[in-house]
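# Structural overview
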Amino acid sequence: MNRLAQLQQFIGKEFDQSPSPFMKWLNPIVVSAEEGHLEFQYKVRPEWLNPIGNLHGGVTAAIVDDIIGATMFSLNENSFITTINNVIDYFSTAKENDNIVAETKIIKRGRQFVNAQCEIWNADKTRLIARGTSNLFKINN
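Quick caveat, the model's predicted, so the values are computed rather than measured.

### Brief notes about the sheet that holds strand 1 (residues 29–34)
Sheet architecture is open: 6 strands sit in the order 1-2-4-5-6-3, paired in antiparallel fashion. Single-partner strands in this sheet number two, and they are strand 1 and strand 3 (80–90). The average angle at which neighbouring strand axes cross in this sheet is 20 degrees, direction not considered. Here strand 5 (residues 113–122) runs beside strand 6 (residues 128–139); their pairing, made up of 9 bridges, is antiparallel. In the sheet register, Phe113 faces strand 6, and the bridge partner there is Phe137. On top of the sheet, helix 3 (residues 57–73) reaches strand 2 (37–43), strand 3, strand 4 (99–109), strand 5 and strand 6; it is set at about 130 degrees to strand 5, its chief contact.

### Quick look at helix 3
Two residues of an α-helix separated by three or four positions point the same way, owing to the 3.6 residues in each turn. Between its terminal C-alpha atoms helix 3 stretches 24 Å, which fits the 24 Å expected from 17 residues at 1.5 Å a residue. Inspection of helix 3 places Val59, Thr60, Ala62, Ile63, Val64, Asp66, Ile67, Ile68, Ala70, Thr71 and Met72 among the buried residues, and these make up the whole buried set.

### Focus: the UniProt feature "domain: Thioesterase" (unreviewed entry) in the protein chain
In the numbering used here, UniProt assigns the feature "domain: Thioesterase" (unreviewed entry) to residues 53–126. When the span residues 53–126 is considered, its composition is 23% helix and 43% strand, and the gap between its end C-alpha atoms is 21 Å.

### Overview of the pattern of salt bridges
Counted by the stated rule, this structure contains 7 salt bridges. Of the charged contacts in the structure, one is a salt bridge between Glu47 and Arg45, with a shortest N-O distance of 2.8 Å. Judged by relative accessible area, which is 47%, Glu47 ranks as partly exposed. Between Lys125 and Glu103 there is a salt bridge, with its nearest N and O atoms 2.8 Å apart. One end of the pair, Lys125, is in the loop between strand 5 and strand 6; the other, Glu103, is in strand 4, with 22 residues separating them in the sequence. Within this structure, Glu35, Glu77, Arg109 and Lys138 form a network of salt bridges that share partners.

### Some remarks on the nonpolar core
Counting residues in hydrophobic clusters, the biggest one holds 34 residues, and the most contacted among them are Phe40, Tyr42, Trp48, Ile63, Met72, Ile100 and Ile120. With 7 residues, helix 3 is the largest single contributor of residues to this core. Once you skip the residues sitting within four places of it in the chain, Ile100 turns out to touch Phe40, Gln41, Tyr42, Val44, Leu55, Ile63, Ala94, Ile120, Trp121 and Ile129.

### Some points on the environment of Gln9
Take Gln9: it is sitting in the loop between helix 1 (3–8) and helix 2 (21–26). Separated by 26 residues in the primary sequence, Gln9 and Glu35 have C-alpha atoms spaced 14 Å apart.

### Things to note about the packing of aromatic side chains
If you walk through the whole model with that rule in mind, you get 7 aromatic pairs. Linked through ring pairs, Phe10, Phe15, Phe22, Trp25, Phe40, Tyr42 and Trp48 together constitute an aromatic cluster. Of note, Arg45 hangs over the ring of Trp25, and the distance from its end group to the ring centre comes to 4.8 Å.

Basis of the calculations
Residues numbered from 1 in each chain as written. Predicted model: local features only at pLDDT ≥ 70, side-chain atom pairs only at ≥ 80, totals over all residues. Heavy atoms only, no water. Pairing = 2+ DSSP bridges. Helix = DSSP H or I, 4+ residues; strand = E, 2+ residues; numbered from the N terminus. Axes fitted to C-alpha atoms, helices over the stretch in contact; angles between N-to-C directions. Contact = heavy atoms within 4.5 Å. Expected span 1.5 Å × (residues − 1). Buried < 20%, exposed > 50% of the residue type's maximum accessible area, 1.4 Å probe, protein only. UniProt positions renumbered as here; feature names shortened; annotations may be inferred. Salt bridge = Lys/Arg side-chain N within 4 Å of Asp/Glu carboxyl O. Core = buried A, V, L, I, M, F, W, Y, C linked by side-chain atoms within 4.5 Å. Phe/Tyr/Trp six-rings, centres within 6.5 Å; stacked < 30°, edge-to-face > 60°. Lys NZ or Arg CZ within 6 Å of the ring centre and 35° of its normal.

Here is the structure:
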């Protein structure tokens, strides 16, 4: 079974079979999975909050990095694809127990480099919380 099909098996469920221990800790629910495009839902937990009770920017950045990594997994390439950089813009907040949705897309898929984007929204996608872009490099095994 290819990696995309593995992701698709978890649509509507927690992705508890991720090869990433960090993703298991984030505990996303797979909303949709297509090649180069994922949508995961997360429930904001107390340990994800900053001192004033908002979703911590570092957790937001971690979600962006992690789901973009999973998006690379969905491409079914033989290369390992590693992050070179992340740029995150923050627009709004989320609170404890809020459901948030992270959605990715590939901006450019080249021979050696990939540029990808992730947007994090509130549950009904009426409020953009953050947008991140990443450049990634293909490492041939």
